[in-house]
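Inside the fold
The lines below spell out each chain.
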Amino acid sequence: QVQLVESGGGLVQPGGSLRLSCAASGSTFNINAMAWYRQAPGKERELVATITRSRVTVYADSVKGRFTISRDNAQNTVYLQMNSLKPEDTAVYYCNTRRPYDGMDYWGKGTLVTVSS
């Protein structure tokens, strides 16, 4: 089992920045790729960014150039640096990883990011 705990959400003005963290515990030796998803009110959950163990990254078009995903493998932590935030970035942000051998997903409980003036 893997446990994921997000932190760092809050209220920020448009154009501002936030840094989200996700700490993994449990069977962390099997962790490969990690990801951030988000779900805005009235919308489906969407992929924001992914990062492999070797730090290859992929971003959604809507956040390219503004968000940066990174990880500290020794500390089993993944981060999402969010810059130039827009109101449409308002969502609950979830940390995710997938167990490689059977594809089982693990999710954190989410952290709320609200971008509003």
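The text that follows walks through the structure, step by step, so that each part is easy to find. A quick note: this is a predicted structure, and the numbers were derived from the prediction, not measured.

So, on to the state of the cysteines. Inspection of every chain in the model, using the stated rule, returns one disulfide. At a sulfur-sulfur separation of 2.1 Å, the disulfide partner of Cys22 is Cys95. Where Cys22 bonds to Cys95 through sulfur, the torsion about that S-S bond is close to -85 degrees, and the disulfide is left-handed. Here Cys22, found in strand β3 (residues 18-26), pairs with Cys95, found in strand β9 (residues 91-98); they are 73 residues apart in sequence, far enough to count as distant. Like Cys22, the residue Cys95 is buried in the burial classification.

The next thing to look at is the sheet that holds β3. Overall, antiparallel pairing links the four strands, which are arranged β1-β3-β8-β7 in an open sheet. Across the chains shown, the open sheet's two edge strands, defined by having one partner strand only, are β1 (2-7) and β7 (67-72). Across the sheet, the axes of successive neighbouring strands diverge by a mean angle of 15 degrees, strand direction being ignored.

Moving on: the pattern of salt bridges. Think of it this way: side chains of opposite charge can pair up when their charged atoms draw near. Summed over the entire model, instances satisfying the criterion amount to six salt bridges. Here the salt bridges share partners, and the residues they tie into one network are Arg38, Glu46, Arg66 and Asp89.

By size, the foremost hydrophobic cluster in this structure holds 29 residues, and its most contacted members are Met34, Trp36, Leu80 and Tyr93. If you list the elements that add at least two residues to this core, you get β1, β3, β4 (34-39), β5 (46-51), β7, β8 (77-82), β9 and β11 (111-115). If one sorts the elements of this core by residue count, β3 sits on top with four residues.

Cut-offs used in this document
- One numbering rule holds for all chains: residues counted from 1, following each sequence as written.
- Under the rules for a predicted model, residues below a pLDDT of 70 receive no local features and side-chain atom pairs below 80 are neither given nor counted, while totals for whole chains, interfaces and linings still include all residues.
- To obtain the side-chain values, all non-hydrogen atoms of the structure were used and water was disregarded.
- Two cysteine sulfurs form a disulfide in these notes if their separation is within 2.5 Å.
- Numbering of helices and strands runs from the N terminus; a helix is a DSSP stretch of H or I covering at least four residues, while a strand is a stretch of E covering at least two.
- Exposed residues in this analysis have more than 50% of their type's maximum accessible area, buried residues have under 20%, and partly exposed residues fall in between, with area computed by a 1.4 Å probe over protein chains only.
- Here, strands pair whenever DSSP counts at least two bridges between them.
- In this analysis, axes come from line fits to C-alpha atoms, helices being fitted only over the stretch in contact, and the angle between any two N-to-C directions falls in the range 0 to 180 degrees.
- A pair is scored as a salt bridge if a Lys or Arg side-chain nitrogen falls within 4 Å of a carboxyl oxygen belonging to Asp or Glu.
- Definition used in this section: a nonpolar core is a set of buried Ala, Val, Leu, Ile, Met, Phe, Trp, Tyr and Cys residues joined via side-chain atoms within 4.5 Å.

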